Amino acid sequence: MTATFRTRVRNATIIQCYAPTETSPFCEKDRFYSKLNGTLNIIPRGNIKILLGDFNAKVGANNDNLTNIMGNQGLGEINENGEMFTEMCSSNNMIIGGTLFPHKRSHKITWVSPDGRTENQIDHICINKMWRHSFLDTRNKRSADIGSDHHLLIGEFRLKIVRTDTRNIHTSTRLDIQKLKNPNIRQQYRQQLQLNITNIAPHGNVDSKWNAIKDAFIDAGSKVLGHQRKTKKDWICTTTWEVIDERRRKKAAVNSARTRASKEAASRQYEALNKSVKRMCRHDKRMWISSIATKAKTAAASWNTKMLYECTKRVSGRPINGNGPIKAKDGTILTSEVEQLSRWYEHFTELFQVPSENNDNLAEFVPHYAIQHINRVGSQCPSITEIESAIRSMKSGKAAGIDNVHVELFKADNELSALALHELFQDI
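All values derive from a computational prediction rather than experimental measurement.

> Which residues make up the overall build of the protein, and what values do they have?
When helices and strands are tallied, the protein shows 12 helices and 11 strands. When each of the 428 residues of the protein is scored for burial, the buried share is 35%. Nonlocal contacts in the protein, meaning residues at least 24 apart in sequence, comprise 64% of its contacts between residues at least 6 apart. On the protein, roughly 27700 Å² of surface is accessible, and the fraction owed to carbon and sulfur atoms is 52%.

Structure representation (structure tokens):
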């Protein structure tokens, strides 16, 4: 697997791979390194190449005739995989990071056998020789509980990645709107909203008044409702998380054991907990999918498309492109920008066609490719009753816009929301 990133100096390409084990046939190993060499060769010469993965290769500490690709801080004795690995590094001018930096033996180990007796350094991080001085350090992190017989291997590099321009990217946290279904919380929200709107200054222009109203709704929602917490694995139950925490503590006990007997005992307990965690996670995932399938079946039977969509999205996890095609009146799909703009002009011309004696020429306010004039819509201020009716007719469950104000915040108190908006509409 390869990935390329832009840095301030040049592109950096990271290659992650898994090599055959020491007992694998030689033809399989040869095929792997031939493919790896081919991957390295097609990467542009100017790129910074970082190679990492489980190579199942012990390179040892003896760097005779290999000082150009490795140091003398390796662990153990070189094996057949190690010879093939060093040959590949030599032909591609790659430096083996795990042999460069002095560390305690426990910080060099990357793999521990299931019985806890055999410890080797078989995972490696390499960088092309030209960028050797950008490689600052590499060592394991034994405290990382990843449920594996490998330790997490960390490499530290000094490279400045090009910053992504996020000035025009809107990021927001979603309020926990579901809490409004609770009558007590709904009443607390109304009281907080009433207090916020009362404190709005009566003077100011339209923009400042709207910002004050918007902040009043968002502040009330933040204080009373709070924000939704994003959990990547919400299907794991509380009991399983408790066992995961216990497994993490046993992992720490294995790392801190001082005698072989205590380490073997802690390792056996850790392996037992690791099997339990995997078994419980599989059970939780099956139950979670089963519950969603039941909910989706019920939603489909009752024509609840919203619930059916949510169930499908939770299982698939894939975002759906909301940009649908634009069609002409005859049903043909419009592809060019000019045709699409013309269709939008045609649509809104028909939509806003209101009989009027005085049609103002709006050509100076619209682009040259757009419409020359449109009929002005009635500009009288809507009544409070009309605003309340409009709020009630808005669909719930929709994502907030760039202002981050959800429809449910208005609907929680239609009368108060309509009064606040009516004063704003009068100024407009």
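> Which residues make up a nonpolar patch on the surface, and what values do they have?
A contiguous nonpolar patch, built from Trp344, Phe348, Leu351 and Phe352 and spanning about 390 Å² of accessible area, is present on the exposed surface. A residue is classified by how much of its surface remains accessible, and Phe348, at 37% relative accessible area, is partly exposed.

> Break down the pattern of salt bridges for me, with residues and values.
This structure, assessed with the given rule, holds 12 salt bridges. Its salt-bridge partner being Arg105, residue Glu119 comes within 2.9 Å of it at the nearest N-O pair. Here the residue Glu119 occupies a position in strand E6 (residues 119-120), and Arg105 occupies one in helix H3 (residues 105-108), the gap between them amounting to 14 residues. With relative accessibility at 17%, the residue Glu119 sits in the buried group. Between Glu119 and Lys263 there is a salt bridge, with the nearest N and O atoms lying 2.9 Å from each other. Of this pair, Glu119 sits in strand E6 while Lys263 sits in helix H7 (residues 260-301), placing them 144 residues apart in sequence. Exposure remark for Lys263: the relative accessible area of 25% places this residue in the partly exposed category. Each of the salt bridges in this network shares a partner with another, and the network as a whole consists of Lys329, Arg343, Glu346 and Glu350.

> Account for the sheet that holds strand E2 (residues 11-18), naming residues and giving values.
Strand order in the open sheet formed by five strands is E1-E2-E3-E7-E4, and the pairing between neighbours is mixed. Looking along the sheet, the strands with just one partner apiece sit at the ends: strand E1 (2-6) and strand E4 (94-96). Across the sheet, the mean angle separating the axes of adjacent strands is 20° when strand polarity is ignored. As paired elements, E1 and E2 share five bridges and run antiparallel to each other.

> Break down a positive patch on the surface for me, with residues and values.
Together, Arg174, Lys181, Lys306, Lys395 and Lys398 give the surface a local cluster of positive charge. With respect to the helices and strands, Arg174 occurs in the loop between strand E9 (152-157) and helix H4 (183-198). Residue classification places Arg174 among the partly exposed positions, given a relative accessible area of 32%.

> Please set out the side chain of Lys209 residue by residue, giving values where relevant.
Note that Lys209 resides in helix H5 (residues 206-224). On the accessibility criterion, Lys209 (18% relative accessible area) is buried. The residues contacting Lys209, other than those within four sequence positions of it, are Pro202, His203, Gly204, Leu424 and Asp427.

Cut-off values and rules
- Residues numbered from 1 in each chain as written.
- Predicted model: local features only at pLDDT ≥ 70, side-chain atom pairs only at ≥ 80, totals over all residues.
- Heavy atoms only, no water.
- Helix = DSSP H or I, 4+ residues; strand = E, 2+ residues; numbered from the N terminus.
- Buried < 20%, exposed > 50% of the residue type's maximum accessible area, 1.4 Å probe, protein only.
- Contact = heavy atoms within 4.5 Å.
- Areas by Shrake-Rupley, 256 points an atom, 1.4 Å probe, with all protein chains shown as cover.
- Patch = residues over 30% accessible without salt bridge, like charges linked within 9 Å, V, L, I, M, F, W, Y side chains within 5 Å.
- Salt bridge = Lys/Arg side-chain N within 4 Å of Asp/Glu carboxyl O.
- Pairing = 2+ DSSP bridges.
- Axes fitted to C-alpha atoms, helices over the stretch in contact; angles between N-to-C directions.
- Lys, Arg positive; Asp, Glu negative; His and termini not counted.
- Charge placed at Lys NZ, Arg CZ, Asp CG, Glu CD.

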